[in-house]
Amino acid sequence: MSLLSLDKVVKTFGGLTAVNRVSFSVDAGAVVGLIGPNGAGKTTVFNLITGNYTPDTGDIFFEGRSVKGKKPHKIVEMGIARTFQSIRLFQNMPVVENVLAGCHCRMGAGIFASMVRTPGQRREEKEALETARQVLEFVGLWDYAGLPASSLSYGKQRLLEIARALASFPRIIILDEPAGGMNDQETAELLRLIREISRKGITVLLIEHDMGLVMRACEKLVVIEYGTKIAEGSPEDIKNNPRVIEAYLGSDEDTGGEDPC
Ligand SMILES: Nc1ncnc2c1ncn2[C@@H]1O[C@H](COP(=O)(O)OP(=O)(O)OP(=O)(O)O)[C@@H](O)[C@H]1O
């Protein structure tokens, strides 16, 4: 059953159609990759799913409910969490505090409770801390919990973003170029982590330029070019799809003119 589905979604910026009638679905429990050359519209698709943008036309459904017009924090509450292409952490704050920021959407106590620290508030804080510990252990960063985020390597900062997203207990996690800036060892570790996330029953949708990672991690790929979906299928199908090869060969910036796969 599909957890997330896009139905003929369109997004324009002035005269530019960044996303052009894109439809695809993501099954519950799947790891799906959204790929395409630079500027194809991938991040815009993510921004549409997560409520950072609203589709001009078309619709997006999560668990059968439209997310169109909902604010990003409401969409997080529905069970969709994301990371960003450019790292967005509170650099001067400790690692653990960055994760606690991700727990916030599940904390129900209001402003009054925060001021007087009611027992309910204290319980929520304790639970949030426990969640932060669990997700940091899960991504291998618990040992760094007290250090400022800025002290982490670039690759570890990306893991911290994933931990923060996981702290909202998502049903789907949307990763925008998680391997960007990672070395080979970190990328291998990331692949292991994506598989672990999937094993926990969390659906994964990812944009990634590292084709080795995409091919190993994903069971389905959706390919877009100039905002339009040009192919969809298993990594093996996509690898051999002439239309996809052509799209990538035309984009030296991405592949150095080499086959994407
Ligand atoms: N807020 C915006 N205002 C105007 N144009 C935008 C905006 N966001 C994206 N675009 C344009 O929409 C197109 C798609 O951009 P997008 O960032 O979605 O591509 P992408 O596939 O994620 O690229 P990359 O792989 O380089 O990150 C580009 O031409 C981009 O310049």
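Quick note: structure is the one above.
The rules behind these values
- Residues numbered from 1 in each chain as written.
- Predicted model: local features only at pLDDT ≥ 70, side-chain atom pairs only at ≥ 80, totals over all residues.
- Heavy atoms only, no water.
- Phe/Tyr/Trp six-rings, centres within 6.5 Å; stacked < 30°, edge-to-face > 60°.
- Helix = DSSP H or I, 4+ residues; strand = E, 2+ residues; numbered from the N terminus.
- Buried < 20%, exposed > 50% of the residue type's maximum accessible area, 1.4 Å probe, protein only.
- Lys NZ or Arg CZ within 6 Å of the ring centre and 35° of its normal.
- Near = heavy atom within 4 Å.
- Polar contact = N/O pair within 3.5 Å; in protein donor to acceptor, adjacent residues only side chain to side chain.
- Areas by Shrake-Rupley, 256 points an atom, 1.4 Å probe, with all protein chains shown as cover.
- Nonpolar A, V, L, I, M, F, W, Y, C, P; charged D, E, K, R; others polar.
- Pairing = 2+ DSSP bridges.
- Axes fitted to C-alpha atoms, helices over the stretch in contact; angles between N-to-C directions.
- Contact = heavy atoms within 4.5 Å.
- Expected span 1.5 Å × (residues − 1).
- Core = buried A, V, L, I, M, F, W, Y, C linked by side-chain atoms within 4.5 Å.
- Salt bridge = Lys/Arg side-chain N within 4 Å of Asp/Glu carboxyl O.

All told, the structure shown has 1 aromatic pair when counted by the stated rule. Between Phe13 and Tyr53, the ring centres sit 5.3 Å apart and the planes meet at 70°, which makes this aromatic pair edge-to-face. Placement of Phe13 in strand β1 (residues 2-13) and of Tyr53 in the loop between α1 (42-49) and β4 (57-62) is noted, with a sequence separation of 40 residues between them. Its relative accessible area of 35% is what places Phe13 among the partly exposed residues. The side chain of Arg88 reaches across the aromatic face of Phe84, ending 3.9 Å from its centre.

The subject of this paragraph is the site of the ligand. Close contacts around the ligand come from 15 residues, with Gly39, Gly41, Lys42, Thr43 and Thr44 the closest. In the environment of the ligand, an oxygen atom lies 2.9 Å from a nitrogen or oxygen atom belonging to the side chain of Asn38. The contact in question runs from an oxygen atom of the ligand to an N or O atom on the side chain of Lys42, over 2.7 Å. Summarising the interface, the protein chains cover 64% of the accessible area of the ligand, which totals 630 Å² for the free molecule. When residues of the shell around the ligand are traced back to their parent elements, those giving at least two are β2 (16-27) and α1. The residue makeup of the shell around the ligand, split by class, is 6 nonpolar, 7 polar and 2 charged.

Glancing now at the sheet that holds strand β9 (residues 220-225). Across the sheet, which stays open at both edges, the 6 strands sit in the order β6-β7-β8-β3-β9-β10 with mixed pairing between neighbours. In the strand order of this sheet, the two ends are held by β6 (80-82) and β10 (228-233), each with one partner. Averaged over all neighbouring strand pairs, the angle between strand axes comes to 20°, with direction disregarded. The strands touched by α1 within the sheet are β3 (31-35), β6, β7 (172-176), β8 (203-207) and β9, with β8 carrying the most contacts at an inclination of about 145°. Against the sheet, helix α6 (residues 154-166) engages β6 and β7, with an angle of about 155° to β7.

With 13 residues, α6 extends 19 Å between its outermost C-alpha atoms, agreeing within 8% with the 18 Å of an ideal straight helix rising 1.5 Å per residue. Counting buried positions along α6 gives 11 out of 13 residues, so the element sits mostly inside the fold. Along α6, the positions that sit buried rather than exposed are Gly155, Gln157, Arg158, Leu159, Leu160, Glu161, Ile162, Ala163, Arg164, Ala165 and Leu166. Packed against the buried residues of α6 are β6, α3 (95-103), α5 (119-139), β7 and α7 (184-199).

One open sheet holds the 4 strands; their spatial order is β2-β1-β4-β5, and the pairing between them is antiparallel. With partners counted over all chains shown, the strands left at the sheet margins are β2 and β5 (65-66), one partner each. Relative to β4, β1 runs antiparallel, the two sharing 5 bridges. Within β4, the position partnered with Ser5 by the bridge is Phe61. Of the strands in this sheet, β1, β2 and β4 are in contact with α1, which crosses β1 at around 115°.

The topology assignment puts Lys229 in strand β10. For Lys229, a relative accessible area of 30% corresponds to the partly exposed category. In this structure, the C-alpha to C-alpha distance between Lys229 and Val19, residues 210 residues apart in sequence, is 8.9 Å. Apart from residues no more than four positions distant in its own chain, Lys229 is found in contact with Val22, Ser23, Phe24, Val222, Val223 and Ile224. A distance of 2.8 Å separates the side chain of Lys229 from the backbone oxygen of Ser23, its partner in a polar contact. At 2.5 Å, the side chain of Lys229 and the side chain of Glu232 are in polar contact.

Within the largest apolar cluster, 52 residues are counted, with the highest numbers of intra-cluster contacts made by Leu136, Leu160, Ile162, Leu166, Ile173 and Ile197. Beyond its immediate sequence surroundings of up to four residues, Leu166 is in contact with Val135, Phe138, Val139, Ile173, Ile197 and Ile202. Counting 29 residues, the second-largest nonpolar core is a separate cluster that includes Phe24, Phe46, Ile75 and Ile172.

Scanning all chains against the criterion turns up 13 salt bridges. Here Glu232 and Lys229 are joined by a salt bridge, their closest N and O atoms 2.5 Å apart. Among the charged side chains, a salt-bridge network with shared partners connects Glu130, Arg133 and Glu137.

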